[in-house]
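Chain by chain, the residues run as shown.
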Amino acid sequence: MDDKDISNAVIARLPRYYRYLGELKNDRIERVSSRELSRLMHVTASQIRQDFNNFGGFGQQGYGYNVDYLYDEIGKILGLDHIHNMIIIGAGNLGQALVGYMNFKNRGFVFRGAFDISQNVIGKKIGSIEVLPLDDMPEFVRNNNIDIAVLTVPKTAAAGIAKELVECRIKAIWNFAHIDLPVPDSIKVENVHLSDSLMKLSYNLHRSEDDTNTTGAAE
Ligand code: NAD
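In this text the structure is predicted, and so the values were computed from the model without any measurement. (Residues numbered from 1 in each chain as written. Predicted model: local features only at pLDDT ≥ 70, side-chain atom pairs only at ≥ 80, totals over all residues. Heavy atoms only, no water.)

1. Points about the domain arrangement of the protein
Inclusion rule: Domain ranges listed in this record stem from an automatic or a database domain assignment.
Assigned domains of the protein: these are domain 1 (8-77) and domain 2 (84-195). With centres defined by C-alpha atoms, the gap from domain 1 to domain 2 works out at 32 Å.

Right, here's the structure in full:
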C-alpha cells in the first residue's frame, strides 16, 4: 500500500506501538499476540490488526508476532533506521532542555548544532554542542547534512527563520513556536503545542469533577 493511503490516525499510533514493543524487547519477550498487545496498550486487538494490515500485517503466524521483527519493521516505517542530523535554533530554556535530552540520540536523532542571536548564550556549551551565531546557520546546514531544524525561538522570529531554512534546503522542521510556518509543502513540519495537551488534561479534569458534582447532587 502507498504511504499516502495510510491515515494520520494510524501513523500517530505507530510511535506508541514502537515504544511498547521496545519494552517487550528489553524484557526479552520473543512473541506477542494482538490480544496481549491489546491488554498492555488498552487498544482493541482488532484495532491493532487493522493498523498492522495497513503495512501487510507483519506476518502474524501461529502464536502472535515476532517482537524483534515487528519492532524493526515499525522502526523502519517511522524512519528510525536512519540517523537524523538536527540543529536547534533558539538556545533558550526549551532549546537547551531539548538538546540536553539524551533519549533523542538513542532513537537516532542527533543534535549537531545550536544557534541563537543573543550574546548571553552564543559561545555557551550545551553538553558537547557550542551555541553559534545565527549567521553561521546556513553554511552549517549545507555542510553537515542537516535534515531537521528544531525551532524554539519567540514566535515573532519564527517565520523569518523558516524562510532562511527553506533557502538552505532543510527537509523538516520541528516547530515549537506558536505560529504556522510559511513553508512549501515539500518541507515537512510538525508543530508541537504542549499547552494543547495541558488543556485536554484540564478538560478531562473538569469534566470528571462536573460528573462527580452531578452524581453527588442527585444523592
Ligand atoms: P527563551 O526566551 O528562554 O528562549 C528563546 C531563545 O530564542 C533565546 O535564547 C533568544 O535569544 C533566541 N532568539 C530570539 N530571536 C531569535 C532569532 N531570530 N534567531 C535565533 N534565536 C533567537 O524562550 P523558551 O521558554 O525557550 O521558549 C522558546 C519558544 O518556544 C517560544 O516561542 C515559546 O513560546 C515556545 N514554547 C513552546 C512550547 C510548546 O509546547 N510548543 C512550550 C514552551 C515554549
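That was the structure; now back to the text.
2. Looking at the packing of helix α1 (residues 8-26) against helix α2 (residues 34-41)
The cut-off we apply is this: Comment: axis = line fitted to C-alpha atoms, over the contacting stretch for helices; angle = value between 0 and 180 degrees taken between N-to-C directions. Starting at the N terminus, helices and strands are each numbered in turn, a helix being any DSSP run of H or I of at least four residues and a strand any DSSP run of E of at least two. Angle categories: roughly parallel below 35 degrees, roughly antiparallel above 145, roughly perpendicular from 65 to 115, and oblique for all the rest. Throughout, a contact is declared for two residues whenever any of their heavy atoms are within 4.5 Å. Residues are grouped as follows: nonpolar covers Ala, Val, Leu, Ile, Met, Phe, Trp, Tyr, Cys and Pro; charged covers Asp, Glu, Lys and Arg; every other residue, Gly included, is treated as polar.
Following both chains from N to C, one finds α1 and α2 inclined at 105°, their axes separated by 11 Å at the closest point. Between α1 and α2, the angle is such that the two are roughly perpendicular. Contacts between α1 and α2 involve Arg 16, Tyr 17, Tyr 20 and Leu 24 on the former and, on the latter, Leu 37, Leu 40 and Met 41. In the contact of α1 with α2, the residues fall into six nonpolar, no polar and one charged.

3. Structural notes on helix α4 (residues 67-77)
Basically, it comes down to this: Under the scheme applied here, a residue whose accessible area is under 20% of the maximum for its type counts as buried, over 50% as exposed, and between as partly exposed, the area being computed with a 1.4 Å probe on protein chains only. Here a polar contact is recorded for every N or O atom pair within 3.5 Å, except that within protein the pair must consist of a potential hydrogen donor and a potential acceptor, and residues adjacent in sequence are included only if both atoms are side-chain atoms.
By the burial criterion, the buried members of α4 are Val 67, Leu 70, Tyr 71, Glu 73, Ile 74 and Gly 75. Here the buried face of α4 lies against α1, β1 (31-32), α3 (45-53) and β2 (65-66). The residue sitting at the N-terminus of α4 and contributing the capping side-chain oxygen is Asn 66; that oxygen lies 3.1 Å from the backbone nitrogen of Asp 68. Just past α4, the residue Gly 79 takes up positive phi, approximately 75°.

4. Observations regarding the pairing of strand β4 (residues 109-116)
Definition in use: Pairing between strands is defined by DSSP: at least two bridges between the two strands are required.
Counting buried residues along β4, six of its eight residues qualify, which places the element largely inside the surrounding structure. In terms of strand pairing, strand β3 (residues 84-89) meets β4 through six bridges, oriented parallel. Along β4, the bridge assignment pairs Ile 89 with Phe 115. Pairing between β4 and strand β6 (residues 129-133): three bridges, direction parallel. Residue pairing in the sheet places Phe 115 in a bridge with Leu 132 of β6.

5. Some points on the sheet that holds β4
Pairing is mixed across the open sheet formed by seven strands, whose spatial order is β5-β6-β4-β3-β7-β8-β9. What marks the edges here is a single partner per strand, and that holds for β5 (125-126) and β9 (188-191).

6. A closer look at the pattern of salt bridges
Worth spelling out the cut-off: Each salt bridge in this description consists of a side-chain nitrogen of Lys or Arg and a carboxyl oxygen of Asp or Glu lying within 4 Å of one another.
By the definition in use, this model includes three salt bridges. In this structure, Arg 13 engages Asp 51 in a salt bridge whose closest nitrogen and oxygen atoms are separated by 2.7 Å. A residue pair is termed long-range when its members are at least 10 positions apart, and Arg 13 in helix α1 and Asp 51 in helix α3 qualify at 38 residues. Taking relative accessible area as the criterion, Arg 13 reaches 26% and is therefore assigned partly exposed. For Asp 51, a relative accessible area of 2% translates into the label buried. Across the salt bridge formed by Glu 73 and Lys 76, the nearest N and O atoms sit 3.0 Å from each other. In this pair, Glu 73 and Lys 76 are both assigned in helix α4, three residues apart and thus about one turn of the helix distant.

7. A word on the packing of aromatic side chains
Here is the rule we go by: Two rings from Phe, Tyr or Trp (for Trp, the six-membered ring) form a pair when their centres sit within 6.5 Å of each other. Planes less than 30 degrees apart are called stacked, planes more than 60 degrees apart edge-to-face, and all others tilted.
As enumerated under the stated definition, the model contains 10 aromatic pairs in all. Ring plane angle 15° and centroid distance 4.3 Å describe the contact between Tyr 18 and Tyr 71, whose orientation is recorded as stacked. One end of the pair, Tyr 18, is in helix α1; the other, Tyr 71, is in helix α4, with 53 residues separating them in the sequence. You'll find Tyr 18 and Tyr 71 in the same group, each marked buried. For the pair Phe 104 and Trp 174, a centre-to-centre distance of 5.6 Å together with 85° between the ring planes defines the contact as edge-to-face. Residue Phe 104 is located in helix α6 (residues 103-106), and its partner Trp 174 is located in strand β8 (residues 172-175); the two are separated by 70 residues in the primary sequence. Taking the relative accessible area as the measure of exposure, Trp 174 reaches 22% and is therefore partly exposed.

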